[in-house]
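Commentary on secondary and tertiary structure
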Amino acid sequence: MIELGVNIDHIATIRQARRTNEPDPVAAAMLAQLGGADGITVHLREDRRHIQDRDIRVLRETVTVKYNFELSCAAEIVSIAVDCKPQQATLVPERREEVTTEGGLDVTNNPPRVVEAIERLTAIGVDVCLFLDPDTQQIDAAAALGVYAIELHTGQYALATQKSERDYQLKRLQEASAAIVAHKMQLHAGHGLTYHNVGPIAAIPNMRELNIGHSIISRAVLVGMRDAVSEMKRLITTAATR
Ligand code: PXP
């Protein structure tokens, strides 16, 4: 079975656009769980552009499925993850000026920040996952670090507009997946996955977890639009005719 981890960061992006208290990612997590989410994923970015420290704490108390905390290897953020003790921590690279996580971590040559983050999280029993590009050199290096899982970055596959490029990126993901399984690590994937492109990724043998955010949140906004407008219209009409 493939677990669906729903990334709710962009619920918080909408809230932070007004610095108010709605929509609350905690409510979104509850609804995602009712919809069948096997996991809730949040990325506490160093610049706090969407998920806030309060969200991390409240979600820790309320999420009943797998709690997957995405984070950079910055010591301050790792400390927050250690205090929170989620079931799973996914280490990602982070650049402040990027719109989203643009590439995988570079784990060749045992980078000290990554090694230290893995050690601190593993020591308290958190399953550590590394977000990597589909590159077998990176996967071999990750295996030597002794992590539980690798999440393959599907961004280049998702961005491909030509069939030849998409097929090439899919082949890279399939080969990288085989290498992850051969190293006996759990196989996860995510980034840029949509209702249109998820099929071939879900069909990769031994895929265990897919983390999807933007596409699900985008769809949720549109499928809820009609009801949201008619509810407001009803309130206005009722008040005006009283
Ligand atoms: N997996 C990881 C490691 C990510 O950084 C992100 C984006 O925060 C996702 C999955 C979800 O990507 P998307 O929002 O494009 O579905």
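Structure shown above.
What comes next concerns the included structure. None of the values given here were measured: they were computed from a predicted structure. (Residues numbered from 1 in each chain as written. Predicted model: local features only at pLDDT ≥ 70, side-chain atom pairs only at ≥ 80, totals over all residues. Heavy atoms only, no water.)

Comments concerning the pattern of salt bridges
- The final tally for this structure, using the stated rule, is ten salt bridges.
- For Arg15, the salt bridge goes to Asp55, with nearest N and O atoms at 2.6 Å. One end of the pair, Arg15, is in helix H1 (residues 9-16); the other, Asp55, is in helix H3 (residues 53-62), and 40 residues separate them in sequence.
- Between Asp167 and Lys163 there is a salt bridge, with its nearest N and O atoms 2.6 Å apart. Within this pair, Asp167 and its partner Lys163 are both found in helix H8 (residues 163-182), separated by four residues, close to a single helical turn.
- When salt bridges with common partners are traced through the structure, they connect Arg15, Asp24, Arg54 and Asp55 into a single cluster. (Salt bridge = Lys/Arg side-chain N within 4 Å of Asp/Glu carboxyl O. Helix = DSSP H or I, 4+ residues; strand = E, 2+ residues; numbered from the N terminus.)

A short note on unusual backbone geometry
- With omega at -5°, the peptide bond leading from Glu22 into Pro23 counts as cis.
- Following the sequence through the fold, Pro23 ends up in the loop between H1 and helix H2 (25-34).
- Residues other than glycine seldom take positive phi values, yet Lys85 does so here, at roughly 50°.
- A positive phi is found at Lys184, a non-glycine position, where the angle reads about 65°.

Observations regarding the state of the cysteines
- Overall, the coordinates contain zero disulfides when judged by the stated rule.
- No disulfide involves Cys84; its nearest neighbouring cysteine sulfur is the one of Cys129, lying 16 Å away.
- The cysteine Cys129 is free of any disulfide, with Cys73 supplying the nearest cysteine sulfur at 12 Å. (Disulfide = S-S within 2.5 Å.)

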